[in-house]
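Architecture and fold: a report
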Amino acid sequence: GALKVTHHYNPPERVQQVKEEFNTDQLYSTESYKFLFKPGEGIVGQVYQSGVPMFLDKELPKDACSFQRQRSGENTFADRFQRGNLAEQFGIKCIGMKPMAGGVLELGATDPDLFSWVNSDV
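Let us look at the structure shown here.

How each quantity is defined
Residues numbered from 1 in each chain as written. Predicted model: local features only at pLDDT ≥ 70, side-chain atom pairs only at ≥ 80, totals over all residues. Heavy atoms only, no water. Helix = DSSP H or I, 4+ residues; strand = E, 2+ residues; numbered from the N terminus. Buried < 20%, exposed > 50% of the residue type's maximum accessible area, 1.4 Å probe, protein only. Contact = heavy atoms within 4.5 Å. Areas by Shrake-Rupley, 256 points an atom, 1.4 Å probe, with all protein chains shown as cover. Salt bridge = Lys/Arg side-chain N within 4 Å of Asp/Glu carboxyl O. Pairing = 2+ DSSP bridges. Phe/Tyr/Trp six-rings, centres within 6.5 Å; stacked < 30°, edge-to-face > 60°.

So, about the overall build of the protein. What the protein contains, in helices and strands, is six helices and five strands. Put simply, the protein runs from its N terminus to its C terminus through helices and strands in the order β-α-α-β-α-β-α-α-α-β-β. Going through the 122 residues of the protein one by one, you find that 36% of them count as buried. Relative to all contacts within the protein whose residues are 6 or more apart in sequence, the contacts with residues 24 or more apart total 53%. In the form shown here, the protein has an accessible surface area of approximately 7,600 Å², with 48% of it arising from carbon and sulfur atoms.

See below:
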């Protein structure tokens, strides 16, 4: 089986911000419906299969949170995170994922301080 986006939410102020900053009605969350993820493959699939939450700002090199490409020969953020370029396009700075209810709950944000929920028991 494959994992796919089934629900999304964007606060009205974020929708308005994207419209103003990027001149589009598309959002990172709505564009993510175009992707499929296999269990164990990519970061979403790894979180699903392992059952371990992941906050990308803590798990990847410091510059991964701002989606800057690494020049050290290591995998870039976009290589490890299938939608890294999409997130960058919409100004998403950090992403937290937590396995829940037979899938993965994902939160993308421009502020990493919003991620205390990643390691909670909720």
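This next bit is on the pattern of salt bridges. All told, the structure shown has three salt bridges when counted by the stated rule. One salt bridge in this structure joins Asp 25 and Lys 19, with 3.7 Å as the shortest N-O distance. Linking Lys 34 and Glu 31 is a salt bridge whose minimum nitrogen-to-oxygen distance equals 2.7 Å. A relative accessible area of 62% means that Lys 34 is categorised as exposed. Glu 31 gets classed as buried once you look at its relative accessible area, which sits at 13%.

Below, the discussion takes up the environment of Gly 96. Locating Gly 96 in the fold gives a position in strand β4 (residues 94-100). Look at Gly 96 and you get buried, because its relative accessible area is 0%. The sequence separation of Gly 96 and Gly 108 amounts to twelve residues, and the corresponding C-alpha distance is 6.5 Å.

Okay, the sheet that holds strand β5 (residues 103-109) next. Here three strands make up an open sheet; going across it, the order is β3-β4-β5 and the pairing antiparallel. Looking at which strands have only one partner, the edges of the open sheet turn out to be β3 (54-55) and β5. Where β3 meets β4, two bridges bridge the pair, whose relative direction is antiparallel. Across the sheet, Phe 55 pairs through a bridge with Gly 96, a residue of β4.

Glancing now at the environment of Val 44. As for its position among the elements, Val 44 is in helix α3 (residues 42-50). As a C-alpha pair, Val 44 and Gln 82 span 38 residues in sequence and 8.8 Å in three-dimensional space. The contacts of Val 44, once residues within four sequence positions are left out, are Leu 3, Phe 37, Arg 83, Met 97, Val 104 and Glu 106.

Before going further, it helps to examine the packing of aromatic side chains. Under the defined criterion, the tally for this structure stands at two aromatic pairs. Measuring from centroid to centroid gives 6.5 Å for Phe 35 and Phe 37, while their planes differ by 10°, and the two rings are stacked. For Phe 37, a relative accessible area of 7% puts it in the buried group.

Let's shift gears to unusual backbone geometry. Not every positive phi belongs to a glycine, and Asn 23 is a case in point at roughly 55°. As for its placement among the helices and strands, Asn 23 is situated in the loop between α1 (12-22) and α2 (28-31). Of note in the backbone geometry, Ala 101 takes a positive phi value of approximately 45° without being a glycine. Judged by relative accessible area, Ala 101 falls into the exposed class, the value being 89%.

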